[in-house]
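Okay, here's what each chain looks like letter by letter:
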Amino acid sequence: VNGAGKTSILEAIYLLSRGRGYRGRKHGSMLGSGREFLEVSASVHFTEDDGPLTRLKIIQSHDGSRFQENGQSVLGIQALRRPLHVRLVPENCQQLLEGPPGLRRLFIDWNLFHVEPTYGRLLAEFKRVLGQRNAWLRSGVHGLPIWDAEYCRLAEAISTLRRRYLEGLHTAFRNSLLEKELGTCPTIEFHSGWPSNCSLQELLLENLKEDRNRGFTYYGPPRADFVVRNHERKSLPSRGQIKSLVILLQYAAQRHWLNTGGPPSIWLLDDLGAELDLCAMASILRALSALPGQIFITAVASLGEIPKGYAGGPVFHVEQGAIV
């Protein structure tokens, strides 16, 4: 049944992992009308052999969020000894490929942060230099462009890591059984945020007047993007085909993560069956089930029935907001 609260279960798991909901601020507070706080807790085995149990809890109120691990308060999600990793495929997952470039940059950066130890520090340093260069532009461009050399050095380092990561992702799904079963053969094209045949430093100098008028730096990593193309299909892809590409991309990202020593993830699949045929669903579920970790899937079905395409796992029902 739509509106019963199925997605709230996925959002609770996501909240416990990230400290925030995945539907964004435009959907308003996660607190119910008239509620003072919400609490989500879970018991987690971080190893497949049912190792020691870890108890996690988040309490969110109008004043902020509090986190606990095994009954002890921690400063935030980052302070947990064993982070709970989730990989989300929401109902509108096509936005990853159809939406604004910022979504795709976020996808690259979140995954790179976990597989490249230096990336978080590099990105933070770039944002600091970008902020200083933009402040210099807004002040009227007085003096020499002292930030340009450092800006270019950091921009090129970020671009190199992003490009290398997407090449690794491309290899991961080109060698996967899922790609063959879905009958797709996509390629990934990366755009660094400035023309590949131009020097970034020269572009900054040539566009100094325009940047000053805009009040911000135009060329660089904040304009990076990537495109997934399926050259075997001549017609425009359907919603189901785009959804399959997004799932293939997430699957490849997880395989790449595991290959570099990363931990298993919990998969959250919201209404997986929407816009997918049973054959595609079966291929996706076989591929994901072969990965270490746990999978939570929501689906719509008549009361008492198992949704089409699903079998072999525990089933829960949500009735008027209660899990049965």
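Computed from a predicted model, the values in this text were never measured in an experiment.

Quick look at the overall build of the protein chain
Then step 1. Broken down by element type, the protein chain carries ten helices and eleven strands.
Then step 2. Considering the protein chain as a whole, with its 324 residues, one finds that 44% of them fall into the buried category.
Then step 3. Contacts spanning at least 24 positions in sequence make up 68% of the contacts within the protein chain whose residues lie at least 6 apart.
Then step 4. A total of about 18000 Å² of accessible surface is found on the protein chain, and carbon and sulfur atoms cover 52% of it.

What about the sheet that holds strand β9 (residues 293-297)?
Then step 1. Strand order in the open sheet made by the three strands is β5-β8-β9, with parallel pairing throughout. Two strands close off the open sheet at either side, each with one partner strand: β5 (86-89) and β9. If you compare each strand with its neighbour and ignore which way they point, the axes differ by 15° on average.
Then step 2. Pairing of strand β8 (residues 265-269) with β9, which is carried by five bridges, proceeds in the parallel orientation. If you follow W267 over to β9, its bridge partner there is I295.
Then step 3. Here helix α9 (residues 239-259) sits on the sheet and contacts β5 and β8; the angle it forms with β5, its principal contact strand, is near 170°.

Remarks on the environment of E39
Then step 1. Along the chain, E39 turns up in strand β1 (residues 37-45).
Then step 2. A relative accessible area of 42% means that E39 is categorised as partly exposed.
Then step 3. A sequence separation of 20 residues divides E39 from I59, and the C-alpha atoms of the two residues are 4.5 Å apart.
Then step 4. In contact with E39, not counting residues within four places along its chain, are K57, I58 and I59.

Digging into α9
Then step 1. In this model, α9 (21 residues) spans 30 Å end to end at C-alpha, consistent with the 30 Å of a helix rising 1.5 Å per residue.
Then step 2. The buried fraction of α9 amounts to 16 of the 21 residues, a majority that puts the element mostly inside the structure.
Then step 3. Just downstream of α9 lies G261, where phi reads positive at about 90°.

A short note on unusual backbone geometry
Then step 1. A positive phi angle, close to 60°, is found at V141, a residue other than glycine.
Then step 2. With relative accessibility at 18%, the residue V141 sits in the buried group.
Then step 3. Its identity is not glycine, yet E275 carries a phi of approximately 70°, on the positive side.

Describing the sheet that holds strand β4 (residues 72-74)
Then step 1. Pairing within the open sheet is antiparallel, and its four strands lie in the order β1-β2-β3-β4. The open sheet has two edge strands with one neighbour each: β1 and β4. Recorded for the sheet is a direction-independent mean angle of 25° between the axes of neighbouring strands.
Then step 2. Pairing of strand β2 (residues 53-61) with strand β3 (residues 64-69) involves six bridges; the strand directions are antiparallel. Paired with K57 across the bridge in β3 is Q68.
Then step 3. Of the strands in this sheet, β1 and β2 touch helix α1 (residues 6-18), which is tilted by about 80° from β1.

Structural notes on the confidence of the model for the protein chain
Then step 1. Scored by pLDDT, the protein chain has a mean of 86; 90% of the residues are at 70 or more.
Then step 2. Looking across the protein chain, the model is least confident in strand β10 (residues 318-319), with a mean pLDDT of 76, and most confident in helix α4 (residues 119-138), with 96.

The rules behind these values
- Residues numbered from 1 in each chain as written.
- Predicted model: local features only at pLDDT ≥ 70, side-chain atom pairs only at ≥ 80, totals over all residues.
- Heavy atoms only, no water.
- Helix = DSSP H or I, 4+ residues; strand = E, 2+ residues; numbered from the N terminus.
- Buried < 20%, exposed > 50% of the residue type's maximum accessible area, 1.4 Å probe, protein only.
- Contact = heavy atoms within 4.5 Å.
- Areas by Shrake-Rupley, 256 points an atom, 1.4 Å probe, with all protein chains shown as cover.
- Pairing = 2+ DSSP bridges.
- Axes fitted to C-alpha atoms, helices over the stretch in contact; angles between N-to-C directions.
- Expected span 1.5 Å × (residues − 1).
- pLDDT = per-residue confidence, 0-100.

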